[in-house]
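# Examination of the molecular architecture
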Amino acid sequence: MSSLYPFEEIERTVQQKWEETNAFALPASTDRPAFYCLEMFPYPSGRIHMGHVRNYSIGDALARYKRMRGYSVLHPMGWDAFGLPAENAAIQRGVHPALWTEQNIGHMKEQLKSLGFSYDWSREVATCLPDYYRWNQWLFLQFFRKGLAYKKEGLLNWCNSCLTVLANEQVEEGLCWRCKNPVTLKALEQWYLKITDYAGELLDGLSSLTGWPEKVRTMQENWIGRSTGAEIRFKVAESDRALTVFTTRPDTLFGVTFVTIAPEHPLLEELIRNSPEKTPVESFAREIIHRRMIERNTMDEEEKEGLFTGVRLVHPLTGEHVPLWVGNFVVASYGTGVVMGVPAHDERDYEFAKKYGLPIRNVIQPDGGSPLPEGSLFTDPGVLTTSGAFSGKPSEEAKGAITAELKKQGLGVEKIQYRLRDWGISRQRYWGTPIPIVYCERCGTVPVPESDLPVILPRDVTFTGTGGSPLRENDAFTKTTCPVCHEPAVRETDTMDTFVDSSWYFLRFTDPKNRTLPFEHDAVARWMPVDQYIGGVEHAILHLLYSRFFTRVLNDLGLIPVREPFQSLLTQGMVLKDGAKMSKSRGNVVDPDHLVTRYGADTVRLFTLFSAPPEKDLAWDDKAVEGAYRFLGRLYQRVVELSGRFPKTDLPITADLPPESKALRAKIHETIRDVTQDLESHTQMNTAIARLMELLNALSSAAPADGKTLSGPDLALQKEGYATLVTLLAPFAPHVSQHLYETMGYVGLLMDREWPVADPDALLRAEVPYVVQINGKLRATLTLPPDISQAELVRLAMADERVRRNLQNLVVKKEIFVPGKLLNLVVGPG
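Residues numbered from 1 in each chain as written. Predicted model: local features only at pLDDT ≥ 70, side-chain atom pairs only at ≥ 80, totals over all residues. Heavy atoms only, no water.

Here strand E19 (residues 437-440) pairs with strand E20 (residues 444-447) via 4 bridges, running antiparallel. Following the sheet pairing, Tyr 439 is matched in E20 by Thr 445. As consecutive antiparallel partners, E19 and E20 are separated by 3 residues. (Pairing = 2+ DSSP bridges. Helix = DSSP H or I, 4+ residues; strand = E, 2+ residues; numbered from the N terminus.)

Attention now goes to the side chain of Gln 111. Topologically, Gln 111 is positioned in helix H4 (residues 97-114). For Gln 111, the residues in contact, after removing those within four places along its chain, are Gly 46, Arg 47, Ile 48 and Asp 593. (Contact = heavy atoms within 4.5 Å.)

The sheet contact formed by strand E8 (residues 226-236) and strand E16 (residues 412-418) spans 7 bridges and is antiparallel. The residue bridging Glu 231 from the neighbouring strand is Val 413, located in E16. Counting the residues between successive antiparallel strands, the hairpin from E8 to strand E9 (residues 242-247) contains 5 residues, one of them, Glu 238, with a positive phi of roughly 55°. Bridge analysis of E8 against strand E11 (residues 306-314) gives 2 bridges, and the strand direction is antiparallel.

Our next topic: the packing of aromatic side chains. Per the counting criterion, the structure on display carries 48 aromatic pairs. With 5.5 Å between their ring centres and 80° between their planes, Phe 140 and Trp 191 make a pair best called edge-to-face. With Phe 140 in helix H5 (residues 130-145) and Trp 191 in strand E7 (residues 183-193), this residue pair connects regions lying 51 residues apart in the sequence. Per residue, the accessibility class of Phe 140 equals that of Trp 191, and both read buried. Aromatic pair Tyr 198 and Phe 549: ring centres 5.6 Å apart, planes at 65°, arrangement edge-to-face. (Phe/Tyr/Trp six-rings, centres within 6.5 Å; stacked < 30°, edge-to-face > 60°. Buried < 20%, exposed > 50% of the residue type's maximum accessible area, 1.4 Å probe, protein only.)

A word on the sheet that holds strand E1 (residues 34-39). The sheet built from 4 strands is open, its strands ordered E2-E1-E24-E25 with parallel pairing. Across the chains shown, the open sheet's two edge strands, defined by having one partner strand only, are strand E2 (72-74) and strand E25 (569-571). Shown here is a sheet whose adjacent strand axes are inclined to one another by a mean of 20°, direction ignored. Packing of helix H2 (residues 50-68) onto the sheet brings it into contact with E1, E2, strand E24 (532-535) and E25, and relative to E1 it is tilted by some 170°. (Axes fitted to C-alpha atoms, helices over the stretch in contact; angles between N-to-C directions.)

Moving on, we get to the packing of helix H21 (residues 685-701) against helix H22 (residues 712-729). Close contact between H21 and H22 brings their axes to 10 Å; oriented N to C, the two are set at 160°. As judged from the angle between their axes, H21 and H22 are roughly antiparallel. Regarding H21 and H22, the two cross each other, and that crossing is left-handed. Facing Leu 692, Leu 695, Leu 696, Leu 699 and Ser 700 of H21, the residues of H22 in contact are Gln 718, Gly 721, Tyr 722, Leu 725, Leu 728 and Leu 729. Its residues assigned to classes, the contact of H21 with H22 shows 8 nonpolar, 3 polar and no charged. (Parallel < 35°, antiparallel > 145°, perpendicular 65-115°, else oblique. Left-handed = near helix turned anticlockwise from the far one by under 90°. Nonpolar A, V, L, I, M, F, W, Y, C, P; charged D, E, K, R; others polar.)

All right, on to the layout of surface pockets then. There is about 710 Å³ of room inside the second largest pocket. Every residue lining the second largest pocket is counted, 24 residues in all, and those nearest its centre are Glu 660, Ala 663, Leu 664, Ala 698 and Pro 819. Breaking the lining of the second largest pocket down by element, the ones donating at least two residues are helix H20 (659-680), H21 and H22. Per-element accounting of the lining of the second largest pocket gives the leading share, 6 residues, to H20. Across the lining of the second largest pocket, the residue classes break down as 11 nonpolar, 5 polar and 8 charged. (1 Å grid on protein atoms, 1.4 Å probe; cavity = no way out; pocket = protein on both sides within 12 Å on 5 of 7 lines; lining within 4 Å. Points joined across faces, edges and corners; volume = space filled by probe spheres on them.)

Now the structure itself:
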């Protein structure tokens, strides 16, 4: 189909022109205001997909628009290049991850260039190269010195397929986010970053992110999960041990009839050592831990299960013995891993107590209402009863009073608790950033000196697919010298989670060639925060939260002047085909290369931007692709047909135009105004393109195909209209726009042309004569605004005496409406 129009040749010529003029590189210095437009950089899987095309088309349209509005635009691209797929390719195909990644980057870069995206490739970064990951290591050392990086043993999410640890955020419905295989729990030592130190301010900072979708802010708020309450110590009966519970309802303390501990709690094994229930409890705990990954993600829907441990605790204020249960609904990583059971005032505890026949003790009654019968459920605020000295207090007041008494006795304390856990960054794989730590028998854990960075990831490794990371078998890498005592030492063989790479890459883009620092403070101050960030909502918790954490730490270290990385966030919708997300497994993938070959890059870009608002899902439609192609073809034909008759220079448009011409000029400048407003919103690109299609229709209707009967003023107006249309189209379809710009006699790059400004005088629309016919015969002429609606025109016509006179005893059967020109009423007997 592309043979109908020479789009392939046009795109090749225009791209060569951009390449030769280095069109997208930032000037060394400029007094233009800064605008940083960034799409989330891709993993180099080998081929871009339609989701990539949509993401990058949105960003490129915005970047091109802002350049034409007079901004100095930073619009870079790079590669999130470490990760498991490259290592798996080495195992399955026998190709080194570095070579596989390099080849994929080369191919995908050519694909992006073929689509005409305006990236400044001089700022390209790849996270798998030493000149990037050395700064991962440098930043790790800054975190380590600040006490934000530490190593400990813990029960961690483990993928047996990928043979590596996963962060909580990387477990989706009990499955590995990469390979979709089941995740289990495994006791391992690993490195953590103390994101919990920033939990409160990460949560509070969400209110300042007014340019973010509410959905994303809510997802982060829920993930951080702040709860205000108290930690309360329950002593273990006949022991010097104690368990600490966290509760948001200390006012219900006198209603506790049991306590529940998580099956993976580190103290459970010790507590049940001498219990007669030891064997069944161990069996139950193992079973729950085995099911943990799936059940934890559907906990609210799962039936609550538990088992009495044989251990009893001592109530901190009454001295009563309370049974300790192990339950499937308690998580060791949240709160303290121990919860108190108050069945009369908590729905979950109520169901559990009913199931296992545990006492239900009411200690809060409705304020002013009839007392509730013993054993009933009441979860609202009220007044305390049977709660010792606190009886009669409103429950909200009692929360503080009971906590204060516990604190006085050394049995409790106020506590703000977060759901967020520290970020485990150790991965037992090869293709990642080596953690810059060595282990010395004499000196212990020792950070690698900054002068010895980067710790190079060795190339000479063997991939077997078993046994975890091949780094462990590489003596040349693992055997080293302690930088403190110079005795033999061993390197850390874990590599960093690849989300470390993407947590600060947007900063490196501001200063990508710096060899002494990851970025200069002044360069960051010039560009950050990112004005518009674009990517999928699936990154709401992982990448976006980690990036906010990194930005705040780096600000506290005095390295950057901002505390939030992204001022405005656009989460584009998915590309769907046959009602489902495109994927190879579903067989519904559309190849962008095939589309570019058949229709041209501009058609592909235009379709993805026109078919749905950026934040909504885009349903694939072959007819809509062809529609975008036909629109560009019509525009191409019209400009080629008329350009030979256009005046060589742009002539001033006089005010004394006939009404039809004034209406057309008003349409031109309304389009300028409205498209500008659409693009300023960053989200209304589909409506902007629709306006351009309307303008082409208006221009075409106002002139014959060859333009031979047009006068000089009409040709000047047509040239203004088409020059405006081509300029406004440039952010969306830059190749055809540049070619037609030159076809009309203009010189240079269209992207350097100033964005048009609507003429206020042109926006004052003149009225035009509307012919009103009845059965094809002239009955009246009405002078009205050219954009009047059909319904309003019919109303006014029917009110005209000349029309009414000719409608006696007749009814309107049909209305024929030609906007800006005519209304014909087809009438007949009633």
